[in-house]
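Residue-level structure breakdown
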Amino acid sequence: RLFDLDPDLLPLFQYNCKQFASPQECLSAPEFLDHIRKVMLVIDAAVSHLEDLSCLEEYLCNLGKKHQAVGVKVESFSTVGESLLYMLEKCLGTAFSPDVREAWSKLYGAVVKAMRRGWETLPEGD
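Let me sum up the structure you'll find in this document. (Residues numbered from 1 in each chain as written. Predicted model: local features only at pLDDT ≥ 70, side-chain atom pairs only at ≥ 80, totals over all residues. Heavy atoms only, no water.)

**Some thoughts on the packing of helix H5 (residues 76-92) against helix H6 (residues 98-120)**
With their axes 10 Å apart at the nearest point, H5 and H6 run at an angle of 155 degrees to one another. By the angle between their axes, H5 is roughly antiparallel relative to H6. The handedness of the crossing between H5 and H6 is right-handed. Facing Phe77, Val80, Gly81, Leu84, Leu85, Leu88, Glu89 and Leu92 of H5, the residues of H6 in contact are Val100, Arg101, Trp104, Ser105, Tyr108, Val112, Met115 and Trp119. Considered class by class, the residues forming the contact of H5 with H6 number 12 nonpolar, 2 polar and 2 charged. (Axes fitted to C-alpha atoms, helices over the stretch in contact; angles between N-to-C directions. Helix = DSSP H or I, 4+ residues; strand = E, 2+ residues; numbered from the N terminus. Parallel < 35°, antiparallel > 145°, perpendicular 65-115°, else oblique. Left-handed = near helix turned anticlockwise from the far one by under 90°. Contact = heavy atoms within 4.5 Å. Nonpolar A, V, L, I, M, F, W, Y, C, P; charged D, E, K, R; others polar.)

Following this line, the structure appears as structure tokens:
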């Protein structure tokens, strides 16, 4: 769904300097699947620390810095969020109520807000 929403994100997923010719090629690459596992670990950590997301603040800020360093734009995270909600809706079916959608949107928004600080933070000495 991600590449359907924004095909321009495909070039951001390069592993070992290899560019993918198509979204399908990227989606089947072991490195991309590993990246997805890491994304889901971040989501899992956020769910596990729902009552105290501030304990993840430094980690998420640094994660934001890493994404900025490889050329990811903050705006791209809204596309990732749309893809996440789409996947949850497809997997949960009727259990994906408006309240569930709102809860996931808020959680994802909190994660992105913390990651955004990585874009806003200048390295020491600047």
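**Overview of the side chain of His67**
On the secondary structure map, His67 appears in helix H4 (residues 57-69). Apart from residues lying up to four places away in sequence, His67 is in contact with His35, Val72, Phe77, Met115 and Trp119.

**Notes on the environment of Gln68**
Counting through the fold element by element, Gln68 comes out in helix H4. Once the C-alpha coordinates of Gln68 and Phe96 are considered, the two residues, 28 residues apart in sequence, prove to be 32 Å apart. Residue contacts for Gln68: discarding those within four places in its chain leaves Gly118 and Trp119.

**Some points on the nonpolar core**
Within the largest apolar cluster, 20 residues are counted, with the highest numbers of intra-cluster contacts made by Leu60, Phe77, Tyr108, Val111 and Met115. Of all the secondary-structure elements, those providing two or more residues to this core are helix H3 (30-48), H4, H5 and H6. Top contributing element to this core by residue count: H6, with 7 residues. Leu2, Leu10, Phe20 and Ala29 belong to the second largest nonpolar core, which has 10 residues in total. (Core = buried A, V, L, I, M, F, W, Y, C linked by side-chain atoms within 4.5 Å. Buried < 20%, exposed > 50% of the residue type's maximum accessible area, 1.4 Å probe, protein only.)

**Comments concerning the packing of aromatic side chains**
Inspection of the entire model under this criterion finds 4 aromatic pairs. In textbook terms, an aromatic cluster arises when at least three aromatic residues are bridged by ring pairs, as seen for Phe3, Phe13 and Phe32. Against the face of Tyr86 rests Arg1, its NZ or CZ located 4.4 Å from the ring centre. (Phe/Tyr/Trp six-rings, centres within 6.5 Å; stacked < 30°, edge-to-face > 60°. Lys NZ or Arg CZ within 6 Å of the ring centre and 35° of its normal.)

**Considerations on H5**
Here H5 contains 17 residues, and its C-alpha end-to-end distance of 24 Å stays within 8% of the 24 Å for a straight helix at 1.5 Å per residue. Of all the positions in H5, only Ser76, Phe77, Thr79, Gly81, Ser83, Leu84, Leu85 and Leu88 are classed as buried. Buried positions along H5 lie against helix H1 (2-5), H3, H4 and H6. Just downstream of H5, Gly93 is the residue with a positive phi angle, here 60 degrees. (Expected span 1.5 Å × (residues − 1).)

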